[in-house]
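# Structural overview
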Amino acid sequence: MSETLTLPAEKLPDVRGKLTPHAPLAKLVWFKAGGAADWLFEPADVDDLCAFVRDLDPSVPLLPLGLGSNLIVRDGGVPGVTIRLGKSFAKIETAGDHTLNCGAGAHGVLIASTARDNGIAGLEFLRGIPGTLGGFVRMNGGAYGCETADVLVDCDVVLRDGSLKTLPVAELGYTYRHSQLPEGAVVVAARLKGEAGDPEQIGAEMERIAQAREESQPVRTKTGGSTFKNPPGEKAWQLVDAAGCRGMMRGGAQVSEKHTNFLINTGTATSADIEQLGEDVRAKVRANSGVELEWEIQRVGRK
């Protein structure tokens, strides 16, 4: 059961965007499971977000929510304020020198398509990552041999004191699926740089990536993307498969038969089912190979 809302409306700053109490999050995440946000804030623009964060009690937790494609929202709901960036944060503009200026709410497929249309090569891999730019920047999202650190110039973030700051890629401390973004920072925009390329060749590579993803991943199911990080020198899916976890279930959650590093909601799974299935898999892999799999999917909220 979700706890009673502990943050009354009168303790929240005034906004120009939209503030929703007890906002159901299941419909906003790919697993289609989980509880509600105490508050869901959809800012009108960057200034609205800065003012809200500046005037909010610093003890109130903030959770930026993108497409919800790499996220388990626990069944007890998410405390504090969940921030969802809308259309005003999804704009993409060319900035010269084979660079795109993108809002953090821009989808990976749209960024890759815009790069193609402008003859910018090197961003094709974003076609293969479900999510928005804010999540890519935060997690150093990657696929098909490339990652965000390879193409990021800098990013704009709203810090916990409400200030807007531009951070160059060198300050983000990127490693595999990890960044050192300041605690509580919300990514609102970023510059991505590629190189000159032929739109037809770029488009062909995007099609190849799309087809490879369709053939190898359960893209038409309720899933959360890659569940575990690849350990150094190994593939998580191979370790899961070798431990006999293909098709394994807990409640309505299942290890995908198609790609064993994906968990799926067969239709009735709770977030507890999904998270516990992941822990079951980790235990079996540990017992079989001695490898400790690390979660790639973010898990948030109250159990």
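Now for a look at the structure at hand. This structure is a prediction, so every number in the text was calculated from the model and none was measured.

Criteria and cut-off values
- Residues numbered from 1 in each chain as written.
- Predicted model: local features only at pLDDT ≥ 70, side-chain atom pairs only at ≥ 80, totals over all residues.
- Heavy atoms only, no water.
- 1 Å grid on protein atoms, 1.4 Å probe; cavity = no way out; pocket = protein on both sides within 12 Å on 5 of 7 lines; lining within 4 Å.
- Points joined across faces, edges and corners; volume = space filled by probe spheres on them.
- Helix = DSSP H or I, 4+ residues; strand = E, 2+ residues; numbered from the N terminus.
- Nonpolar A, V, L, I, M, F, W, Y, C, P; charged D, E, K, R; others polar.
- Pairing = 2+ DSSP bridges.
- Axes fitted to C-alpha atoms, helices over the stretch in contact; angles between N-to-C directions.
- Contact = heavy atoms within 4.5 Å.

## Concerning the layout of surface pockets
- There is about 180 Å³ of room inside the second largest pocket.
- Residue lining of the second largest pocket: V46, S88, F89, K91, E93, N101, C102, G103, D156, V188, A189 and R191, and that is the complete set.
- Secondary-structure elements contributing two or more residues to the lining of the second largest pocket are β7 (99-103) and β13 (186-193).
- For the lining of the second largest pocket, the class distribution of residues is five nonpolar, three polar and four charged.

## Topic: the sheet that holds strand β1 (residues 18-24)
- Reading across from one edge, β1-β2-β5-β3 is the order of the four strands in this open sheet, with mixed pairing throughout. Looking at strand neighbours, the two that pair on one side only are β1 and β3 (62-65), the edges of this open sheet. The sheet shows a mean angle of 30 degrees between the axes of neighbouring strands, taken without regard to direction.
- For strand β2 (residues 36-42) and strand β5 (residues 78-84), the ladder comprises four bridges, and the chain directions are parallel. Its bridge partner lying in β5, W39 is registered against V81.
- Where helix α1 (residues 46-55) meets the sheet, its contacts fall on β1, β2, β3 and β5, and the angle it forms with β2 comes to roughly 130 degrees.

## Some words on the sheet that holds strand β15 (residues 222-226)
- If you walk across this open sheet you meet the four strands as β15-β18-β17-β16, and the pairing is antiparallel. Either end of the sheet is taken by a strand with one partner, and the two such strands are β15 and β16 (249-250).
- Pairing between β16 and strand β17 (residues 253-255): two bridges, direction antiparallel. The residue bridging M249 from the neighbouring strand is Q254, located in β17.

Without other data, these values stay purely geometric and don't point to any function.
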